[in-house]
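# What the coordinates show
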Amino acid sequence: MKNWLVSHTHVLLFTLRRFLTTPLSSLLNILVIGIALSLPAGMYLMLKSVQSLAEQAVGTPQISIFLSMDASNDEVAHIGKQLKQHASINQVKFVPRDQALEQLKQTTGLADVIGGLAQNPLPDAYVTYPKISDAQALEGLRDEFKKWPKIEYVQLDSAWARKLGAMLKFGLLAVLILAVLLSFALIAITFNTIRLQILTQREEIEVSKLIGATNAFIRRPFLYFGLLQGLLGGATAWFIITISLRLLNNSLSELTHLYASSFTLHLPSIGDSSILLLLSAYLGWLGAWLSVAQHLWQIEPR
Amino acid sequence: MIQFSQICKRYPGGYEALKNVSFEIAEGEMIFLTGHSGAGKSTLLKLIAAIERPSSGSIVVKGQNVSSIQSGALPYLRRNLGLIFQDHKILFDRSVFDNVMLPLRICGFDHRESAKRVQAALDKVGLLKRQKNNPIGLSGGEQQRLCIARAIVNRPSILLADEPTGNLDKDYASDIMGIFKSFHQVGVTLLISSHDENVLRQFKGRVLALKNGELCP
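Residues numbered from 1 in each chain as written. Chains lettered and ligands numbered in written order. Predicted model: local features only at pLDDT ≥ 70, side-chain atom pairs only at ≥ 80, totals over all residues.

### A word on the interface of chain A and chain B
Much of the literature gives interface size as the accessible area that the parts lose upon coming together. For clarity, the cut-off: Here, residue contact means that the backbone-derived C-beta atoms of the two residues sit within 7 Å. For helices the rule is a DSSP run of H or I covering at least 4 residues; for strands it is a run of E covering at least 2, with both sets numbered from the N terminus onward.
Of the residues lining the interface, 14 residues belong to chain A; the matching set on chain B comes to 14 residues. It is helix α8 (residues 202-211) of chain A that provides the largest number of residues to the side of chain A that touches chain B, a total of six residues.

### Topic: the sheet that holds strand β4 (residues 151-156) of chain A
Residues and elements named next belong to chain A. Stated precisely, the cut-off is as follows: Any two strands with at least two DSSP-identified bridges between them are counted as paired. Helix axes use the C-alpha atoms of the stretch in contact, all axes being lines fitted to C-alpha atoms, and the angles between their N-to-C directions lie in the range 0 to 180 degrees.
Spatially, β2-β3-β1-β4 is the arrangement adopted by the four strands of the open sheet, whose pairing is antiparallel. The open sheet has two edge strands, β2 (89-95) and β4, and neither has a second partner. Strand-to-strand, the axes of this sheet are offset by a mean angle of 20 degrees, without reference to chain direction. Two elements, β2 and strand β3 (residues 125-130), share six bridges in a ladder whose sense is antiparallel. In the sheet register, Phe94 faces β3, and the bridge partner there is Tyr126. Against the sheet, helix α3 (residues 73-85) contacts β1 (63-67), β2 and β3, and its axis sits at roughly 160 degrees relative to β2.

### Quick look at helix α10 (residues 270-295) of chain A
Each α-helix winds once per 3.6 residues, and so residues spaced three or four apart point in a common direction. The criterion, for reference: Here, expected helix span is obtained from the residue count minus one, scaled by 1.5 Å. With C-beta atoms placed from the backbone, a residue counts as buried when 20 or more other C-beta atoms lie within 10 Å of its own, as exposed when 12 or fewer do, and as partly exposed for counts between those limits.
Its 26 residues place the ends of α10(A) 37 Å apart at the C-alpha level, agreeing with the 38 Å of an ideal helix rising 1.5 Å per residue. Those residues of α10(A) not exposed but buried are Leu276(A), Ser280(A), Ala281(A), Leu283(A), Gly284(A), Trp285(A), Gly287(A), Ala288(A), Ser291(A) and Val292(A).

### Considerations on the packing of helix α3 (residues 96-107) of chain B against helix α4 (residues 111-124) of chain B
Residue and element names in this part refer to chain B. As a reminder of what qualifies: Angle categories: roughly parallel below 35 degrees, roughly antiparallel above 145, roughly perpendicular from 65 to 115, and oblique for all the rest. Handedness of a crossing is defined here by the sense of rotation of the near helix relative to the far one, left-handed for an anticlockwise turn of less than a right angle and right-handed for a clockwise turn. In this classification, the charged set is Asp, Glu, Lys and Arg, the nonpolar set is Ala, Val, Leu, Ile, Met, Phe, Trp, Tyr, Cys and Pro, and all remaining amino acids, among them Gly, are polar.
One way to put it is that α3 packs onto α4 with a least axis distance of 9 Å and a crossing angle of 125 degrees. By the angle class used here, α3 and α4 are oblique. As α3 runs across α4, the sense of the crossing is right-handed. Counted together, Phe97, Val100, Met101 and Leu104 of α3 and Ser114, Arg117, Val118, Ala121 and Leu122 of α4 form the full contact between these two elements. For the contact of α3 with α4, a count of residues per class yields seven nonpolar, one polar and one charged.

### Brief notes about the domain arrangement of chain B
Residue and element names in this part refer to chain B. Convention followed: Domain start and stop positions are those given by an automatic or database domain assignment.
Here the domain parsing of chain B yields domain 1 (1-80 + 157-217) and domain 2 (83-155). Between the C-alpha centres of domain 1 and domain 2 there is a distance of 22 Å. At the junction of the two partners, domain 1 supplies 16 residues and domain 2 supplies 14 residues. Counting only elements with at least two residues in the side of domain 1 that touches domain 2, the list comes to β7 (158-162) and α6 (170-185). Of the residues in the side of domain 1 that touches domain 2, the class split is ten nonpolar, three polar and three charged.

### Considerations on the sheet that holds strand β6 (residues 81-84) of chain B
All names here are of chain B. As summarised here, the arrangement of the six strands in space is β6-β7-β8-β3-β9-β10, forming an open sheet in which the pairing is mixed. Here the strands that pair on one side only, and so sit at the sheet edges, are β6 and β10 (214-215). Both strand β3 (residues 30-34) and strand β9 (residues 207-211) contribute to a ladder of three bridges, which runs parallel. Residue pairing across strands places Thr34 opposite Ala209, the latter belonging to β9.

Here you go:
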């Protein structure tokens, strides 16, 4: 057992030394793998962040009811009363047209344009928070309100979130396809690196076979190399993603501030990070294994 | 120890290197294999180490049938053999010490124990002072001795040497023959091939002579 550990440690050190003997090409290889992995992984994380935002929005559905411009004050009050008494409605907020216009002036900075208007183009509105969150029931509620008199337009605010959700699913599928393709690229990179190594180590492999090395012994340093190269590539991808997301979050916070939202992109969690590292290490190992299986038998001592 | 029964070796293309060769070598014997160049000496040695397979016949080494050995068992057969090659097969990307270390690393020996063994083997062939050097700086005779050190570091019971004195002058050659004799004295079975008449003359023991792939009676 101890000898086994020692020989594996020996191989690991030997592999590290092999990295250091060709620092530039090792570095470039690792960088290529890192960039290739950071693309799908980074895009996946960004989509996940947007998805959780969409889920939040769906979680607290909101129905905005815009009244007709010709509704009298009594009619407006009547509708408000009806809404408050409605069994499916939790909370009702009245937004008078003057207040809506004021808000629009303040938040959009379109004061000049709005000031030039002859009359207020905005209707009175009620923002309601239903008790139910089921998508179909919400749509039923919307259709019910639509039929009421003096109601111009009813907007179910979770609808955009559901559309977004569908688009995100499409996006995630695209990222998955990209990830699969780039995984093949990673395997190919490792395959080729190991092929070149086998060619340059030809003599050593031949002599080792003559002296009584098992195939496992000859394979081991190459597999370690592939594994380590994949792992370092994965770590590089992790750094690329983390740094990029932090930069994006910085500029995003300025943007979301304008929308009074606190949306940020999630950094990779411990789970995400370990999956990234394990996967990249495995793909590196797989590329090395395929390469060794393909090339080692060709070297037989004569 | 080594037993050949009616061995034929035909290479692809029809060239017949060995024709119906049978002999037996007992444990601890020191045998000299002679013959002109191309007589099949190298082929015979390669068959023992299963570097080549015979076209027909059977070879038994230490009770194991080599002619039909599984490729998985091959490494363990070779660990019992010390091979000394005509072209040395020394690795020039590492020191003299590391070259001799290779067989022990392959067998998974304890590191400290193997360092001692390597130094003992290098001392035996007179290269201990050069252990840290790169073998590229060694002379032909020294490279040959390095190859011997690598072959014996594993303490094999059988030593196969292919033209060990091939390109060496007389003094070097008798040096190396002296080393072989000392192994013979501690009970190692040796099979040494050579076409060198001088070496043959100072050698006492059984001689196997090959001629055009056939064993001369």
